[in-house]
Structure formats: C-alpha cells, structure tokens
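Analysis of the macromolecular model
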Amino acid sequence: MIASVRGEVLDIGLDHAVVEAAGVGYRVNATPATLATLRRGDESRLLTAMIVREDSMTLYGFADAESRDLFGLLQTVSGVGPRLAMAILAVLEPESLRKALAEGNVTALTRVPGIGKRGAERMVVELRDKVEAVAVAGDIPGAAAVSSAGVVRDQVVEALTGLGFRLEHAEKATDTVVAADPEAPTSTVLRSALALLGKTR
C-alpha cells in the first residue's frame, strides 16, 4: 500500500500529476483543487490511496488526510467507486460534502455528474452518521447539534419520498417517530421511519 508520495512534480494534467519519488515517476489522479496546490518543478508531498484491480493499479492523491478519509468513506456506499468518489470531491469540498450529507441536502449531491436523486438519498442514509461523527469530533463535549423537530421532520419526509414512498405514508411514519422522541436526530428518525414503513409494506 502506497500511503504517500513525495518528490518533484514532473507534470500536471487536467486530472492527474506525475510525481517523481526515488527515481520513479508516479501518476497520481487528483481533483482540480489538489492539483492547484502543485507547481511543476517543485517538490511536493501527496497523501495517496492505492486502488488495485485485476487489470490496473491506480494511485489517487490528496492534499490532506480529511479528503483521503472521505474518499475511502464514499466508496463504502453501494455503487460508488473510486472515479465517482473523486468526482464528488471535485465538485464538493470536504466541508461542503460533510454538510450536505449531515443535512440530507440531496440537491447539492446531485450536482455531481453520475449521481441521481436515489443515489444521493442512499449516500445520505448510509453516511450521515459517519460524517457527523467526523464533523463534531473537535467540538465541545456534549455539544452535539440537534435540529428542531420541525426541520428534522421535513428532512426525513423529503428523504422518504425520494426513496419512493408515498407522501402521506412518509408523513405518517415520520410524525409517529417524532412524537415518540421530539429530540431525536434526523438519522435516528429516518431509520425508525423506514422500519415502520417496512412493516406496513
């Protein structure tokens, strides 16, 4: 596993850079934001993720550990491979991506070529809790952000209808869960509402 590459930047392309390390030139795929930090002829260091396939070995480079961690996290979602993960990071900076996932902002996620509404909803459901844990890691202990019940309700109803449930069914299930625990975070309400709807289908 190649975790980082340090050396002279030999070439910079639209979607990659070539970095020479110990006499070997490594082609490293990267986002425009990462490539913008490099200068041809300068020495640079990129954190990398190595993806091995039957017919290829590809290096993906990142300017910071946060971007590399998100790259790996995105690929835990069904249907998201390395190329799509890089496309997501190219369109949404790490902070914007965490915010979109934590708030269930499907519109922001569908700005990425190759991601439709259902794919964005799936990303939100699978990653919301994980990115929240990253986002609040440095906050004051016990100061986890809790959205108001009304905002949570709207977000969950929108997510459920995006997943194909009828509006009236989504509203009824969400209202039942929120009434039982008005301070529950969005992710908990969504999971509980999905469980309720699963029983009624």
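Given the structure is predicted, the values throughout are model-derived calculations rather than measurements.

How each quantity is defined
- Residues numbered from 1 in each chain as written.
- Predicted model: local features only at pLDDT ≥ 70, side-chain atom pairs only at ≥ 80, totals over all residues.
- Heavy atoms only, no water.
- Helix = DSSP H or I, 4+ residues; strand = E, 2+ residues; numbered from the N terminus.
- Contact = heavy atoms within 4.5 Å.
- Phe/Tyr/Trp six-rings, centres within 6.5 Å; stacked < 30°, edge-to-face > 60°.
- Buried < 20%, exposed > 50% of the residue type's maximum accessible area, 1.4 Å probe, protein only.
- Axes fitted to C-alpha atoms, helices over the stretch in contact; angles between N-to-C directions.
- Parallel < 35°, antiparallel > 145°, perpendicular 65-115°, else oblique.
- Left-handed = near helix turned anticlockwise from the far one by under 90°.
- Nonpolar A, V, L, I, M, F, W, Y, C, P; charged D, E, K, R; others polar.

By the secondary structure assignment, A63 is in the loop between β5 (56–62) and α2 (65–74). For the pair A63 and L47, spaced 16 residues apart in sequence, the C-alpha to C-alpha distance is 6.3 Å. Once you skip the residues sitting within four places of it in the chain, A63 turns out to touch T34 and L46.

On to the packing of aromatic side chains. Following the criterion strictly, the structure yields two aromatic pairs and no others. Each ring, one from Y60 and one from F71, has its centre 5.1 Å from the other, and the planes form 35°; the classification is tilted. Within this pair, whereas Y60 is found in strand β5, its partner F71 is found in helix α2, the two being separated by 11 residues in sequence. Of the two residues, Y60 and F71, neither departs from the other in class, the shared state being buried. Judged by relative accessible area, which is 1%, F71 ranks as buried. Grouped by ring-pair contacts, the aromatic residues Y60, F62 and F71 constitute a single cluster.

A separate point is the packing of α2 against helix α3 (residues 82–91). One way to put it is that α2 packs onto α3 with a least axis distance of 9 Å and a crossing angle of 130°. Of the possible angle classes, the one that applies to α2 and α3 is oblique. Considering the relative orientation of α2 and α3, their crossing is right-handed. The segment α2 lies against α3, with S67, L70, F71 and L74 engaging P82, A85, M86, I88 and L89. Residue classes in the contact of α2 with α3 are distributed as eight nonpolar, one polar and no charged.

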